[in-house]
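Listed below are the residues making up each chain.
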Amino acid sequence: MERINQVIVNTTVSIIDTFYEGRDFQRFWVLEEIARAPYFAFLSVLHLQESMGLRGEQHTYLMKEHFEQTLNETEHLEYMESRGGNQYWVDRVLAKHLVLLYYWIMVVYYMVSPRYAYHLNMEVELHASETYAEYLTRFPKDEDICRIMNDEVQHYQELYSAMGYFK
Ligand SMILES: [Fe+2]
Ligand SMILES: [Fe+2]
């Protein structure tokens, strides 16, 4: 399953990377828009489970964690907007459709297998941090992107810990 997750992420990422070559901030904006969706999905499912009387031991911890991640990803998104990432309608249309699709896929995936849903998004966060690292090799003085890259590494680690709660 982990191998399938990697193939899905790598394929999607190479399509986006090819399409966005030479347009760093449009690519970052689309990636940030998509990167928020799983955290909304995890929260939705956790809320639903809780309402159905299925509160697990780590429920409150995970809800807090995923809520903070959504806020952090929203800050990233707003930053990319401040640098023109969403100025073209074509990027907005693509991102809005992808996010709708990805949100519902993640809702189902997380309901069926929280462990592998976390794993898939670890791969997404890993890719995000690598994308920013590559940008920083070209623009090493961009401190804001450096900070955002570190946030993505932290998300990766948080998802890795969350994964440990589900066998
Ligand atoms: Fe982000
Ligand atoms: Fe992230």
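All figures in this text were calculated on a predicted structure; none of them were measured in a lab.

### Points about the overall build of the protein
Next up, step 1: Each helix and strand counted, the protein has six helices and zero strands in total.
Next up, step 2: Listing every helix and strand of the protein by position from the N terminus yields α-α-α-α-α-α.
Next up, step 3: When its C-alpha atoms are laid out on the principal axes, the protein stretches across 50 × 30 × 30 Å.
Next up, step 4: Within the protein, the fraction of its 167 residues that count as buried is 33%.
Next up, step 5: Residue pairs in contact within the protein that sit at least 24 positions apart in sequence constitute 79% of those at least 6 positions apart.

### Describing the confidence of the model for the protein
Next up, step 1: With 100% of its residues at a pLDDT of 70 or more, the protein has an overall mean of 93.
Next up, step 2: Helix α6 (residues 143-163) holds the highest mean pLDDT among the elements of the protein, 97, whereas helix α1 (residues 2-19) holds the lowest, 82.

### Re the nonpolar core
Next up, step 1: Residues W29, L31, I34, M106, Y110 and A117 are the most contacted members of the largest nonpolar core, which totals 32 residues.
Next up, step 2: Those elements giving two or more residues to this core turn out to be α2 (24-51), α3 (59-82), α4 (89-112), α5 (114-138) and α6.
Next up, step 3: It is α2 that provides the largest number of residues to this core, a total of 12 residues.
Next up, step 4: Excluding residues within four positions of it along the chain, M106 makes contact with A37, P38, A41 and A117.

### So, the packing of α2 against α3
Next up, step 1: As a packed pair, α2 and α3 sit with axes 9 Å apart at the nearest point and diverge in direction by 160 degrees. In terms of their interaxial angle, α2 and α3 are classed as roughly antiparallel. Taken as a pair, α2 and α3 cross one another with a handedness that is left-handed.
Next up, step 2: Looking at the contact of α2 with α3, its residues break down into 14 nonpolar, six polar and six charged.

### Quick notes on the packing of α2 against α4
Next up, step 1: Contact geometry of α2 with α4 gives a least axis separation of 8 Å together with a crossing angle of 30 degrees. Relative to α4, the element α2 lies roughly parallel. For the crossing formed where α2 meets α4, the hand is right-handed. Residue-level contacts link Q26, W29, V30, E33, I34, A37, P38, F40, A41, F42, S44 and V45 of α2 to D91, L94, A95, L98, V99, Y102, Y103, M106, V107, Y110 and M111 of α4.
Next up, step 2: Partitioning the contact of α2 with α4 into residue classes produces 19 nonpolar, two polar and two charged.

### Focus on the environment of L94
Next up, step 1: Mapping L94 onto the fold places it in helix α4.
Next up, step 2: Along the backbone, L94 and F28 are 66 residues apart, and their C-alpha atoms lie at a distance of 13 Å.

### Considering α2
Next up, step 1: When the terminal C-alpha atoms of α2 are compared, their 42 Å separation across 28 residues agrees well with the 40 Å that a helix rising 1.5 Å per residue should span.
Next up, step 2: Residue G53 follows α2 closely and has a positive phi angle near 80 degrees.

### Comments concerning the environment of S82
Next up, step 1: Within the fold, S82 resides in helix α3.
Next up, step 2: Taking the C-alpha atoms as reference, S82 lies 9.7 Å from F25; in sequence the two are 57 residues apart.

Basis of the calculations
- Residues numbered from 1 in each chain as written.
- Chains lettered and ligands numbered in written order.
- Predicted model: local features only at pLDDT ≥ 70, side-chain atom pairs only at ≥ 80, totals over all residues.
- Helix = DSSP H or I, 4+ residues; strand = E, 2+ residues; numbered from the N terminus.
- Buried ≥ 20, exposed ≤ 12 C-beta atoms within 10 Å, placed from the backbone.
- Contact = placed C-beta atoms within 7 Å.
- pLDDT = per-residue confidence, 0-100.
- Core = buried A, V, L, I, M, F, W, Y, C linked by C-beta atoms within 7 Å.
- Axes fitted to C-alpha atoms, helices over the stretch in contact; angles between N-to-C directions.
- Parallel < 35°, antiparallel > 145°, perpendicular 65-115°, else oblique.
- Left-handed = near helix turned anticlockwise from the far one by under 90°.
- Nonpolar A, V, L, I, M, F, W, Y, C, P; charged D, E, K, R; others polar.
- Expected span 1.5 Å × (residues − 1).

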